[in-house]
Amino acid sequence: MRLTTQSLKKQLSVQSHHDSAKSANTKQPLLLKLVLAWLAGAAFVFALAPYDFWLVALLSPLVLYWLLLPTMSNWRAFWLGEMYGMGLWSVGAFWLFTSIHTYGDTPTLLALLMIGFVGLGMGLFHGALAVIFNRFVAKQPLSFASLWVVQEWLKTWLFTGFPWLFVGYAYTAQPWLTSLAPIFGVLALSFVSVFVSASLVEAARKKYRYLIPSSVMLLASVALWLIAPQWTTPKGTPNLKVSLVQGNIPQDLKWLQEYQIQTLGIYAGLSKTEWGQDIILWPESSIPMFQTDAMPFISQIAAQARESNSAWLTGIPYVDVINEYDPKVDKYEPFYNSVIALGADAKGLYKKQNLVPVGEYIPFEGMLDWALPNLMGGTMSFRSGSAHQAPLQVKNHPVGVAICYEVAYPDTTRRNAKNTDFLLTVSNDAWFGTSAGPLQHLQMVQMRSIETGRWFMRATNTGVTAIINDKGNIVAKAPAFERTVLRGEIQSRVGNTPFMRWGSYPILALAALLLLISWLIRKTR
């Protein structure tokens, strides 16, 4: 049979078309899976406040587990995990857009790009999870849940941490699972939830053996809920009457020098009817100047508190010495984001430990001085407080403190809660407007109450100001974006929960053990 030039061209054309179609078929599934991974991560936001559809917390990791099960290259696995993380953070933390665009005067497009970069960077945690799951351990629910817990834990300290959007927070209002929190912390809730998610995928593949340990975990959690062990008990002293002052100062005016006196007047005016309460609490940086600059005002309010037999606690930028510029080192003296206790039977100072990158300090400031002298020279960064600070003493009660963002750190809060009768947190969530950010923040405070078995009083600038009991239930809440005072009572409790003693170490040790076993199984196959 003779092969003519025309017939050869025809065959090559058919073969080329076949190869192109085959190439398209291999690319299309990956593209669809990447989109599906992004959507699964993005959907997780509906598991958290204000939506609280906790079933989404089961479905979201379930999709990622299913996508990672087939045999694939590490590069493919990485991008599936990365896209999941990008969806999780670019949507779940979209409240950052308000602070970047509205209050940071950043153009819309650039602000959106910055949110995308946050998603890209934070997505690396799930990208690494996916690669390790694909390459180093046996692909099964126990290893997947263990890796998930490890990457959440890394977010509590790596590069100063950004411990947001944990799976366990989706169950804050579900006591049948939060019964584990006083023992093992929020990471245990994440472990159980993700393990159940992966086990459901295996059950759909007719591998039912993982449903047994899943059921055991859930039954143990439900049993704890029904038994209701009292990890902490009431101290037996009368409840303290508290007034939480919400100034509702617009964020774009809060730090203007010409508005400082007006801000002080607003808080002093709101407090006029509250003197005589056991505790009057003002929010984070409600005095928007150093204590050295506001001393006459502070002395006046402290005297009023003493005369009324009230303890007065307020957020304030605090400097240990006069905050003067030192030209020798091109720096200011160290200063802190603080809470100070004054008035009747009140003393102590707490300095914030976990600072917000860029918002409160410049990352790698000392390292970048030589490279970017014009940008870094003369900057004013807050300094971190010691990890071992004495509680405030208020009305003969030791009180633990968490300032704003650091209440998201489980182990920081549990250390601060030791040997205290109750806890307080102050915040300024005006940065995030009416987005989901402030409600997600409040949800974390609720989880910290459950973990420590302590009541929390929370005073904020614009909301959500609230009183939370030892079970994580909101006892009283002020309307957001209103200038108001929330009145209520705080119960004192004594005793330490297991989580306060051991922290996250038991669940991390379990995760490490399971990953080691899974790695050995993978290695011997």
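The text that follows walks through the structure, step by step, so that each part is easy to find. Every value quoted in this text rests on a predicted model; they were computed, and no experiment measured them. (Residues numbered from 1 in each chain as written. Predicted model: local features only at pLDDT ≥ 70, side-chain atom pairs only at ≥ 80, totals over all residues. Heavy atoms only, no water.)

Below, the discussion takes up the pairing of strand E13 (residues 456-460). By the criterion of burial, E13 is predominantly enclosed, with 5 of the 5 residues buried. Here E13 shows two buried faces, one formed by Phe456, Arg458 and Thr460 and the other by Met457 and Ala459. Pairing of strand E12 (residues 422-427) with E13, which is carried by 5 bridges, proceeds in the parallel orientation. Within E13, the residue paired with Ser427 across the bridge is Thr460. After leaving E12, the chain enters helix H17 (residues 437-452) and then returns to the sheet as E13, a path that is right-handed. Connecting E13 to the antiparallel partner strand E14 (residues 466-468) that follows it, the hairpin turn spans 5 residues, and Gly463 within it adopts a positive phi of roughly 125°. (Buried < 20%, exposed > 50% of the residue type's maximum accessible area, 1.4 Å probe, protein only. Helix = DSSP H or I, 4+ residues; strand = E, 2+ residues; numbered from the N terminus. Pairing = 2+ DSSP bridges. Right-handed = clockwise from strand over helix to strand, strands pointing away.)

Phe144 and Leu392 are the most contacted members of the largest nonpolar core, which has 104 residues in total. Among the elements that take part in this core, helix H9 (residues 186-204) stands out by supplying 11 residues, more than any other. Ignoring anything within four residues of it in the chain, the contact list for Phe144 reads Pro61, Leu64, Tyr65, Leu68, Leu129, Phe133, Val194 and Ala198. Counting residues in each nonpolar core, the second largest holds 23 residues, with Ile249, Ala294, Ile298 and Trp312 among its members. (Core = buried A, V, L, I, M, F, W, Y, C linked by side-chain atoms within 4.5 Å. Contact = heavy atoms within 4.5 Å.)

What follows is about the packing of aromatic side chains. Taken as a whole and judged by the stated rule, the model has 28 aromatic pairs. With 4.8 Å between their ring centres and 55° between their planes, Trp89 and Phe162 make a pair best called tilted. One end of the pair, Trp89, is in helix H3 (residues 74-92); the other, Phe162, is in the loop between helix H6 (141-154) and helix H7 (175-178), and 73 residues separate them in sequence. Residue Trp89 is classed as buried on the basis of its relative accessible area of 0%. The interplanar angle of 80° and the centroid separation of 6.5 Å between the aromatic rings of Trp95 and Phe162 together place this pair among those described as edge-to-face. Placement of the pair is Trp95 in the loop between H3 and helix H4 (96-102) and Phe162 in the loop between H6 and H7, with a sequence separation of 67 residues. Phe162 matches Trp95 in its accessibility class, with the two residues each being buried. (Phe/Tyr/Trp six-rings, centres within 6.5 Å; stacked < 30°, edge-to-face > 60°.)

The end-to-end C-alpha distance of helix H10 (residues 211-227), which contains 17 residues, comes to 24 Å, matching closely the 24 Å that a straight helix rising 1.5 Å per residue would cover. Downstream of H10 by a residue or two, Ala228 has a phi angle that is positive, lying close to 55°. (Expected span 1.5 Å × (residues − 1).)

Between H9 and helix H19 (residues 505-524), whose axes approach to 9 Å, the crossing angle comes to 35°. Taken together, the residues of H19 that come into contact with H9 (itself represented by Leu187, Ala188 and Phe191) are Ile507, Leu508 and Leu514. Counted by class, the contact of H9 with H19 contains 6 nonpolar, no polar and no charged residues. (Axes fitted to C-alpha atoms, helices over the stretch in contact; angles between N-to-C directions. Nonpolar A, V, L, I, M, F, W, Y, C, P; charged D, E, K, R; others polar.)

Turning our attention to the pairing of strand E15 (residues 474-477). Each regular strand shows side chains that alternate between the opposite faces of the sheet. Looking at chain direction, E14 and E15 are connected through 3 bridges and run antiparallel. Bridging from a neighbouring strand, Ile467 pairs with Ala476 of E15. Connecting E14 to the next strand, E15, in antiparallel fashion are 5 residues, including Gly472 with a positive phi near 85°.

Moving on, we come to the sheet that holds strand E8 (residues 346-347). One open sheet holds the 7 strands; their spatial order is E8-E10-E11-E12-E13-E14-E15, and the pairing between them is mixed. A single partner strand is all that each edge strand has here, and the edge strands are E8 and E15. In this sheet, strand E11 (residues 397-403) lies alongside strand E10 (residues 392-394) in antiparallel orientation, the contact comprising 3 bridges. From the neighbouring strand, Gln393 faces E11, where its bridge partner is Pro398. On top of the sheet, helix H16 (residues 410-417) reaches E11, E12 and E13; it is set at about 130° to E12, its chief contact. Where H17 meets the sheet, its contacts fall on E12, E13, E14 and E15, and the angle it forms with E13 comes to roughly 160°.

Before going further, it helps to spend a moment on a nonpolar patch on the surface. Residues Trp75, Trp79, Leu109, Leu110, Leu113, Met114, Phe117 and Leu120 make up a contiguous nonpolar surface patch of roughly 850 Å² in combined accessible area. At the level of secondary structure, the elements contributing two or more residues to the nonpolar patch comprise H3 and helix H5 (108-135). A per-element tally of the nonpolar patch places H5 first, with 6 residues. When you line up the elements, Leu113 lands in helix H5. (Patch = residues over 30% accessible without salt bridge, like charges linked within 9 Å, V, L, I, M, F, W, Y side chains within 5 Å. Areas by Shrake-Rupley, 256 points an atom, 1.4 Å probe, with all protein chains shown as cover. Salt bridge = Lys/Arg side-chain N within 4 Å of Asp/Glu carboxyl O.)

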